[in-house]
Amino acid sequence: MKDSTRVVLGLVLAAALLVAAALWLGRDTDGSGRTVVRLRIWDQSFVSAYRASLDEFERANPDIDVRITLVPWASYPQKLRLDVAGGIADDLFWTGLYEDYADSGHLVDVGAALGADAAREWDPFAVEQFTRAGKLWAVPQFVDGGTAVYYNRELLDAAGIEPGALNAVRWSPDPAQDTFRALLRRFGGVASPPYNAANDFQSITLPYLGSAGGELQHDGKFAFDTPQGRDAFGYTTALIADGLSPSAADTAASSDFAKNAFLQGRMPLFQSGTFTLATVAQNARFRWGVALIPAGPAGRVSANNSVAVAGNSASPHPDAVRRVLGWLGSPGGNRYLGLEGATIPAVLSQQQVYRDYWTRRGVDVSPFFDVLRGERISAGGGPGFTAALQAITPIIDEMYLGRIPVDTALARARAAADAAIAQR
């Protein structure tokens, strides 16, 4: 190779390195020397609350610039997996199913970063959810509370039903014990269908499975293919078959079908969680309220899922990540999530902020909390859990459409879930 050629190649390589360095520095600084840290979330409605919280953090930490990345939920799980594997994930990110990332060494050990005492301020069920192998892998941000039933007071009045009657109904596979169906049938001629049984994991599947006395998982293995599981799914699928809930084709085509029917004043009862509360308050043009979910053979049982912020162990800014995690898990940083009633803060001392907001709006949110005083059903988790749910969903969809008997569908779904986990 000629010397002149070597010189040219050397200059080209040097220029490429300078460009790469400039791009990397541009990613990690904001032009004034501040360290740029990125926080990835999946819900647009949380952006303003996080921005207000992070603005306060930045005033006290002027050397750090925290930026919010919004990735819609529809693509969030897959994109996060790809970005983590590719080493380009944000410095911090929301997570619910974190186990695969923890096991592969991609998450910051929160206890080591913030100290063992930090978790004392957080909702204990959230702490338990994000603890694995004795270590805490994320900082809880908010909890969903329990599941409840939103009701349209005007449609209840038209059917001659007092809201208090909703708190007394029971569902049961035994017609002699079941009072919920009779209540739903009272809406005939007023509104149809009156209720939202569907393949809705958190709002329908878990409460019915739990209140039947069943479990989603037991000792890390899927356990819904049981007599209790068949009772729960048999009951909800029968509500659809009998016209007491929307067609499974409609709810499968749009996860918002039932919610929209309720908001449009066409459905009197809508079972959901606190994550729907702000939407109902903003969009319902009728008198409404919240009641307890129907009790089942094992009483009222609900899940209490939570979302946390994890630190990316591959971040080039571990100290900045540690400081942001500490802020987001502090009373001062976490309280912003409850100020406008968007969600229940995971910091215990700030949960009253959420209650106070809705009290001022004249909304009694106690059913979301009261249902959690009894037994709770775990929302599941563990390595490969996401893949297992993806394998289960189309089978359960077919069951709700009436194409597969309940007992056959549950057996197939459990086998598919086990196979998905075995292949991970």
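So, a few notes on the structure that sits alongside this text. Everything numeric in this text was worked out from a predicted model, so none of it was measured.

1. Notes on unusual backbone geometry
Most peptide bonds take the trans configuration, and most residues that are not glycine carry a negative phi.
Thought 1: The omega angle of the peptide bond from serine 192 to proline 193 is -5 degrees, so this bond is cis rather than trans.
Thought 2: Looking at the element boundaries, proline 193 is found in the loop between α9 (180-185) and α10 (201-211).
Thought 3: A positive phi angle, close to 55 degrees, is found at alanine 133, a residue other than glycine.
Thought 4: Taking relative accessible area as the criterion, alanine 133 reaches 75% and is therefore assigned exposed.
Thought 5: Positive phi, close to 55 degrees, is recorded for aspartate 219, a residue that is not glycine.
Thought 6: Its place among the elements puts aspartate 219 in the loop between β8 (217-218) and β9 (221-222).
Thought 7: Assessed through its relative accessible area of 72%, aspartate 219 is described here as exposed.

2. Observations concerning the pattern of salt bridges
Thought 1: This model, assessed by the stated rule, comprises 23 salt bridges.
Thought 2: For the salt bridge of aspartate 65 with arginine 67, the shortest nitrogen-to-oxygen distance reads 2.9 Å.
Thought 3: Aspartate 65 sits in the buried class, given a relative accessible area of 8%.
Thought 4: Arginine 67 gets classed as partly exposed once you look at its relative accessible area, which sits at 31%.
Thought 5: Ionic pairing is found between aspartate 157 and arginine 153, a salt bridge with its closest N-O pair at 3.0 Å. With aspartate 157 and arginine 153 both in helix α7 (residues 153-159) and four residues apart, the pair spans about one turn of that helix.

3. What to know about the layout of surface pockets
Thought 1: Considered as a void within the structure, the second largest pocket measures approximately 210 Å³ in volume.
Thought 2: Taken together, 14 residues form the lining of the second largest pocket, with Tyr151, Gly289, Val290, Asp364 and Pro367 sitting closest to its centre.
Thought 3: Residue assignment for the lining of the second largest pocket shows that the elements contributing at least two residues are β11 (288-291) and α19 (366-370).
Thought 4: Here the lining of the second largest pocket gets four residues from one element, more than from any other, and that element is β11.
Thought 5: Tallied by class, the residues present in the lining of the second largest pocket amount to eight nonpolar, four polar and two charged.

4. Details of the nonpolar core
Thought 1: Grouped together as the largest cluster of nonpolar side chains are 52 residues, with contacts concentrated most on Phe180, Tyr195, Tyr208 and Leu269.
Thought 2: Residue assignment for this core shows that the elements contributing at least two residues are β7 (148-152), α7, α9, α10, α11 (227-241), α20 (385-400) and α21 (406-422).
Thought 3: If near-sequence neighbours (up to four positions away) are discounted, tyrosine 195 is found in contact with Phe180, Leu184, Ile204, Tyr208, Leu239, Leu244, Ser245, Pro246, Met267, Leu269 and Gln271.
Thought 4: Listed in part, the 46 residues of the second largest apolar core include Phe130, Leu136, Phe142 and Leu337.

5. Observations concerning the environment of phenylalanine 222
Thought 1: Secondary-structure assignment places phenylalanine 222 in strand β9.
Thought 2: Phenylalanine 222 gets classed as buried once you look at its relative accessible area, which sits at 6%.
Thought 3: Spatially, the C-alpha atom of phenylalanine 222 lies 9.4 Å from that of alanine 413, the residues being 191 residues apart in sequence.
Thought 4: In contact with phenylalanine 222, other than residues within four places in its own chain, are Leu216, Gln217, Phe385, Ala388, Ile392, Arg414, Ala417, Asp418 and Ile421.

6. A look at the packing of α10 against α11
Thought 1: Contact geometry of α10 with α11 gives a least axis separation of 8 Å together with a crossing angle of 135 degrees. By the criterion of interaxial angle, the relationship of α10 to α11 is oblique. Here the hand of the crossing between α10 and α11 comes out right-handed. Each of Ile204, Thr205, Tyr208 and Leu209 in α10 lies in contact with α11, whose residues at this interface are Gly229, Ala232, Phe233, Tyr235, Thr236 and Leu239.
Thought 2: For the contact of α10 with α11, the per-class residue count stands at seven nonpolar, three polar and no charged.

7. Observations concerning the side chain of asparagine 304
Thought 1: Take asparagine 304: it is sitting in the loop between β11 and β12 (306-311).
Thought 2: Take asparagine 304: its relative accessible area is 13%, and that puts it in the buried class.
Thought 3: A distance of 3.1 Å separates a polar side-chain atom of asparagine 304 from the backbone nitrogen of glycine 145.
Thought 4: Once residues within four sequence positions are removed from consideration, asparagine 304 is found in contact with Asp123, Phe125, Gln129, Val143, Asp144, Gly145, Leu372 and Arg376.

8. Let's talk about the sheet that holds strand β3 (residues 92-95)
Thought 1: Read from one edge to the other, the open sheet built from six strands follows the order β2-β1-β3-β12-β6-β13, with strand pairing classed as mixed. The open sheet has two edge strands with one neighbour each: β2 (64-70) and β13 (344-345).
Thought 2: Where β3 lies against β12, four bridges are found, and the strand directions are antiparallel. For tryptophan 94, the partnering residue across the bridge sits in β12 and is valine 309.
Thought 3: Sheet strands in contact with helix α15 (residues 318-328) are β1 (35-41), β2, β3, β6 (139-143) and β12, and its direction is about 160 degrees off that of β12.

Definitions and limits used
Residues numbered from 1 in each chain as written. Predicted model: local features only at pLDDT ≥ 70, side-chain atom pairs only at ≥ 80, totals over all residues. Heavy atoms only, no water. Helix = DSSP H or I, 4+ residues; strand = E, 2+ residues; numbered from the N terminus. Buried < 20%, exposed > 50% of the residue type's maximum accessible area, 1.4 Å probe, protein only. Salt bridge = Lys/Arg side-chain N within 4 Å of Asp/Glu carboxyl O. 1 Å grid on protein atoms, 1.4 Å probe; cavity = no way out; pocket = protein on both sides within 12 Å on 5 of 7 lines; lining within 4 Å. Points joined across faces, edges and corners; volume = space filled by probe spheres on them. Nonpolar A, V, L, I, M, F, W, Y, C, P; charged D, E, K, R; others polar. Core = buried A, V, L, I, M, F, W, Y, C linked by side-chain atoms within 4.5 Å. Contact = heavy atoms within 4.5 Å. Axes fitted to C-alpha atoms, helices over the stretch in contact; angles between N-to-C directions. Parallel < 35°, antiparallel > 145°, perpendicular 65-115°, else oblique. Left-handed = near helix turned anticlockwise from the far one by under 90°. Polar contact = N/O pair within 3.5 Å; in protein donor to acceptor, adjacent residues only side chain to side chain. Pairing = 2+ DSSP bridges.

From the geometry alone we can't say anything about function, so treat these as descriptive.
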